[in-house]
Amino acid sequence: MLVVWGMERAVYFSSPLRYKFEPLIWIKNDRKGNQMRHANVIAIDGPAGSGKSTVSRRLAGRIGYAYLDTGAMYRAVALAAKRREIPFNNGRKLAQLCGDLNLRFESEHNPPRLLMENEDISEKIRNPEIDMLSSNVSAVKEVREAMCDLQRKMTLDLKTGLVAEGRDMGTVVFPNARFKFLLTASLEERASRRHKELLARGKTMEESTVMNRMKDRDHQDENRTLAPLKPARDALILDSTGMGIDDVVEYMMNHMENSPLLRSI
Ligand code: DC
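It should be emphasised that the depicted structure is a prediction, and the values quoted were computed from it without experimental measurement.

(A) Main features of the site of the ligand. Around the ligand, a shell composed of 17 residues is seen, among which Arg-75, Arg-167, Asp-168, Arg-217 and Asp-221 lie nearest. Between the ligand and Arg-144, the relevant distance is 2.8 Å, taken from an oxygen atom to a side-chain nitrogen or oxygen of the residue. Contact distances for the ligand include 2.7 Å between an oxygen atom and a side-chain N or O atom of Asp-221. When isolated, the ligand has an accessible area of 440 Å², and the protein chains bury 98% of it. If you list the elements that add at least two residues to the shell around the ligand, you get helix H3 (70-83), helix H5 (128-137) and helix H9 (207-223). Looking at the shell around the ligand, its residues break down into two nonpolar, six polar and nine charged.

Below, the structure is given as structure tokens:
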């Protein structure tokens, strides 16, 4: 699987905050006291509609980090599987599919565009059908292994730290992430946000239908056997109900700036 990895453009060169976040690697002592080097990752997990994509992009832009939307990768797998009519219980074929996928983020756009075999699929993966199909496909062991592997490989080429968002960033993919957040909000608020997004894209659906579908998807993502959505032991759980995006970003920045983990650079 070839992935050309683009960088989120740093828009915060002059900020005194930037240098604090700049190092690509941070050192943490393991249980035996050995110094371990880790990629500088901020993991942001959360359910659908929690605002994690917008918050993650803002945060990445603000501190000059790269941004990775892992949900988009599962959505791409779902779209490709649907087109090739691969059933979701055929792990072998799905593994093969993941191996053949040629995904590329174009990060000079905001939000970044996702290309599959040079086709821009950014819009095609954002609809209610792919919402559910991506949740289905993400429960398949072979798909998770391939995506997890790929997401880790992506950090190897990075020239900055990374803000990675998804469901298992802090628990499975980047267990040594420097900062971990679990961003959530009430079901009602998340459904209302998603409903507005759909309307803005010219799609109509009753808000109650959006809410019911979201509930089903949450249930599936939180109760699957592999890498279910749950807070990492060391994650900060942030309920954004009633908060605006700017408030959430400020809250996270404050938390990180006042953390001993930042001062340890
Ligand atoms: O974040 P999103 O709604 O775009 O994600 C789509 C689906 O992909 C979601 O229902 C569950 C799955 N997913 C996952 O299992 N692990 C991730 N790290 C990201 C997404």
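(B) Looking closely at helix H8 (residues 187-200). Over its 14 residues, H8 extends 20 Å from the first C-alpha to the last, a length consistent with the 20 Å expected when each residue adds 1.5 Å. Along H8, the residues classified as buried are Leu-187, Arg-190, Ala-191, Ser-192, Arg-194, His-195 and Leu-198. On its buried side, H8 packs onto H5 and H9.

Definitions and limits used
- Residues numbered from 1 in each chain as written.
- Predicted model: local features only at pLDDT ≥ 70, side-chain atom pairs only at ≥ 80, totals over all residues.
- Heavy atoms only, no water.
- Near = heavy atom within 4 Å.
- Polar contact = N/O pair within 3.5 Å; in protein donor to acceptor, adjacent residues only side chain to side chain.
- Areas by Shrake-Rupley, 256 points an atom, 1.4 Å probe, with all protein chains shown as cover.
- Helix = DSSP H or I, 4+ residues; strand = E, 2+ residues; numbered from the N terminus.
- Nonpolar A, V, L, I, M, F, W, Y, C, P; charged D, E, K, R; others polar.
- Expected span 1.5 Å × (residues − 1).
- Buried < 20%, exposed > 50% of the residue type's maximum accessible area, 1.4 Å probe, protein only.
- Contact = heavy atoms within 4.5 Å.

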